[in-house]
Structures are given as structure tokens and as C-alpha cells.
Amino acid sequence: MSADLFSPAVQHRQIAGVDEAGRGPLAGPVVAAAVILDPGRPIEGLGDSKVISGKRRTALALQIRQSAWVGVGIAEPEEIDRINILQATMTAMARAVSNLPRLPDHILIDGNRVPQGLPCSAEAIIKGDASEAAIGAASIIAKTLRDDLMLRAALRFPGYGFEAHKGYPSAVHRKALIALGPCPIHRFSYAPVRAALEMRDA
């Protein structure tokens, strides 16, 4: 008998995978998702959202929402600035779990930390989005939702290029940040944003 049969992912019946998107950007929210897959409705091609094409991610996200239980949690830039990105990420993950339509028996979290206050047992799995289907599904939901939010932000705050870089610190973004100054969805606790603000105030 395989040792894998004794892993927590097999022992527990309702397994939720949790992942986030948006820890590194200079602007926009951090978005987390929690997903409980339905064993009776398997989804092919789940995995780390960063290595899946945008078109494929969108198709998979739709399939996940149609055939699995999904919860999402968001921490906005103001909250990130107030409590720091690590705590905001943990908070968004806990919110995602609390927004699931059913209570899981066990939670698998991508990374090396487990948020506090979860309603059941949980474990962190480094690079879990590539090894656990439920975490991979959560990665896809979080990434597609955050990308969509940044596309909307690009319409509200033109000139920064949010539609392309999604708030990450690309050369285009840094140049626009210096030229235009920070906008309301920038993370003012991040050094490049503070520096750009100081340059404009000088």
C-alpha cells in the first residue's frame, strides 16, 4: 500500500486548497482563493497559475467555478499598508476559507505559513500549487480574479499600465509611478511608492 494513502490530503474527506496572488506588486489588492474540488467532477490541467497561459487560466477558472466550491478573500492596499503584506495575505486567506459555501475537514495552504483562526486542521505546503490539485485550482482563481481587478483599475487610473503589468514593479510601471506619482491603489508602505511620492513632494 502506498504511503501516500496516509497523507492528510487522503485521510480527510473535504479538502480545501488555498493560494494567493499579488504579494509582490506595488499596487492593487492581494487576492486569496479557497477551493474544494468535487471528486465526481475532475478538472484536467490544474496547477501553478503562473505557468499556465492567460487564455487557459480563464477557461480553467470558469470550469472550477462551475464544478467546485469556491471562496475568495481580498485585502486592499490600505490594509496592506496598515498591517504589512504578510499579515494581509494571511488575512485574505482566512477570509477565502470563511467564504467557502461549505466547511472543509482539512486545509492545504500554498507556502510555509498557516493563517490563524481557521475552522479546521491545516498545513502549509511549499510549492503546493504544483503538487496539490486543490491548491492549483485556488491559484488559478486567485490569479484570474486579481488580473480582472487590475484591468478594471486600469480604466479608473489610466497611464500606469495596470492592464499590462497588473501592478508589478516593471520598468514601465516604475517610470509611470515617477511621472504621475502614486494613485489611490498604490501600496504606500512599499519603498518604490514612497520614493516616488517623496520625489513629487520635493
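Owing to the predicted nature of the structure, the values given are computational and were not obtained by experimental measurement.

Student: What should I look at first to understand the overall build of the chain in this one?
Tutor: Secondary structure assignment for the chain yields 9 helices and 5 strands. Helices and strands in the chain line up, N terminus first, as α-β-β-α-β-α-α-β-β-α-α-α-α-α. The C-alpha radius of gyration computed for the chain amounts to 18 Å, which stays within 12% of the reference 17 Å derived for 202 residues, consistent with globular compactness. Principal axes of the C-alpha set define a box for the chain whose edges measure 65 × 35 × 30 Å.

Student: What is the right way to look at the sheet that holds strand S1 (residues 15–21) in this model?
Tutor: What holds strands together in a sheet is hydrogen bonding between their backbones, with the strands either parallel or antiparallel. Taken in spatial order, the 5 strands line up as S3-S2-S1-S4-S5 in an open sheet, and their pairing is mixed. Each edge of the open sheet carries a strand with a single partner, namely strand S3 (68–75) and strand S5 (121–125). Averaged over all adjacent pairs, the angle separating strand axes in this sheet is 20°, with direction ignored. As paired elements, strand S4 (residues 106–110) and S5 share 5 bridges and run parallel to each other. Residue Asp 110 lies in a different strand from S5, and its bridge partner there is Ile 125. Packing of helix H4 (residues 85–98) onto the sheet brings it into contact with S1, strand S2 (30–37), S3 and S4, and relative to S3 it is tilted by some 150°.

Student: In this structure, what is going on with the packing of helix H8 (residues 171–180) against helix H9 (residues 191–201)? I would like to understand it.
Tutor: Describing two packed helices takes the angle between their axes plus the distance from one axis to the other. At their nearest, the axes of H8 and H9 sit 8 Å apart, and the two run at 30° to each other. The angle between H8 and H9 places the two elements in the roughly parallel class. Note that H8 runs across H9; the crossing there is right-handed. Residues Arg 174, Leu 177, Ile 178, Ala 179 and Leu 180 of H8 lie in contact with H9, whose contacting residues are Pro 192, Val 193, Ala 196, Met 199 and Arg 200. Here the contact of H8 with H9 is built from residues that sort into 8 nonpolar, no polar and 2 charged.

Student: Just to check I follow, could you spell out the packing of helix H2 (residues 54–67) against helix H6 (residues 133–156) for this structure?
Tutor: Contact geometry of H2 with H6 gives a least axis separation of 9 Å together with a crossing angle of 115°. Between H2 and H6 the crossing geometry is left-handed. Here Arg 57, Thr 58, Leu 60, Ala 61, Ile 64 and Arg 65 of H2 come into contact with H6, specifically with Ala 137, Ile 140, Ile 141, Lys 143, Thr 144 and Asp 147. Per-class residue counts for the contact of H2 with H6 are 6 nonpolar, 2 polar and 4 charged.

Student: What am I meant to see in the pattern of salt bridges here?
Tutor: It is possible for side chains of opposite charge to pair when their charged atoms get near one another. Counted by the stated rule, this structure contains 5 salt bridges. Asp 129 serves as the salt-bridge partner of Lys 50, at 3.6 Å between the closest nitrogen and oxygen. Taken together, the residues span a long stretch of sequence, with Lys 50 in the loop between S2 and H2 and Asp 129 in helix H5 (residues 128–131) at a distance of 79 residues. One salt bridge connects Arg 57 with Asp 147, and the closest N-O pair in it is separated by 3.6 Å. Note that Arg 57 is positioned in helix H2 and Asp 147 in helix H6, a separation of 90 residues in sequence. With respect to class, Arg 57 is no different from Asp 147; both count as buried.

Student: Help me out: how do you make sense of the nonpolar core in this one?
Tutor: Across soluble globular proteins, you tend to see nonpolar side chains buried next to one another. Core analysis: the biggest nonpolar cluster contains 25 residues, and Val 18, Val 30, Val 97 and Ile 107 have the highest contact counts within it. Those elements giving two or more residues to this core turn out to be S1, S2, H4, S4 and H9. In terms of residue count, the dominant contributor to this core is H4 (8 residues). Beyond its immediate chain neighbours, meaning those up to four positions away, Val 97 contacts Val 18, Ala 34, Ile 107, Leu 118 and Pro 119. Counting residues in each nonpolar core, the second largest holds 17 residues, with Ala 21, Ala 33, Ala 61 and Ile 141 among its members.

Student: Explain the packing of aromatic side chains to me, please; I cannot follow it from the model alone.
Tutor: Each aromatic ring pair is characterised by the separation of its centres together with the angle its planes make. All chains considered together, the criterion is met by 1 aromatic pair. One residue, Arg 102, lies across the ring of Trp 69, its end atom 3.9 Å from the ring centre.

Parameters at a glance
- Per chain, the residues get numbers from 1 upward, laid out in the order the sequence is written.
- Since the coordinates come from a predicted model, pLDDT governs what is reported: local features require at least 70, and pairs of side-chain atoms require 80 or more to be given and counted, while whole-chain, interface and lining totals use all residues.
- With hydrogens and water stripped out, all remaining heavy atoms of the structure feed into the side-chain values.
- Starting at the N terminus, helices and strands are each numbered in turn, a helix being any DSSP run of H or I of at least four residues and a strand any DSSP run of E of at least two.
- With the radius of gyration taken over C-alpha atoms, the globule rule is written as 2.2 Å times the number of residues to the power 0.38.
- What makes two strands pair is DSSP finding at least two bridges between them.
- For helices, the fitted axis covers only the stretch in contact; all axes are lines through C-alpha atoms, and the angles between them, taken along N-to-C directions, range from 0 to 180 degrees.
- Whether two residues touch is decided by their heavy atoms; if any such pair falls within 4.5 Å, the residues are in contact.
- Angles below 35 degrees are treated as roughly parallel, those above 145 as roughly antiparallel, those between 65 and 115 as roughly perpendicular, and all remaining angles as oblique.
- The hand of a helix crossing depends on one turn: near helix anticlockwise from the far one by less than a right angle means left-handed, and clockwise means right-handed.
- Note on residue classes: Ala, Val, Leu, Ile, Met, Phe, Trp, Tyr, Cys and Pro are nonpolar, Asp, Glu, Lys and Arg are charged, and everything else, Gly too, is polar.
- Any Lys or Arg side-chain nitrogen located within 4 Å of an Asp or Glu carboxyl oxygen qualifies as a salt bridge.
- Relative accessibility thresholds used throughout: buried, under 20% of the residue-type maximum; exposed, over 50%; partly exposed, between the two (1.4 Å probe, protein chains only).
- Here, the term nonpolar core denotes a set of buried Ala, Val, Leu, Ile, Met, Phe, Trp, Tyr and Cys residues that are joined through side-chain atoms within 4.5 Å.
- Each aromatic pair joins two rings of Phe, Tyr and Trp (for Trp, the six-membered one) with centres within 6.5 Å, and gets the label stacked for planes under 30 degrees apart, edge-to-face for over 60, and tilted for any other angle.
- Only Lys NZ and Arg CZ are tested; either one counts as a charge over a ring when it is within 6 Å of the ring centre and within 35 degrees of the ring normal.

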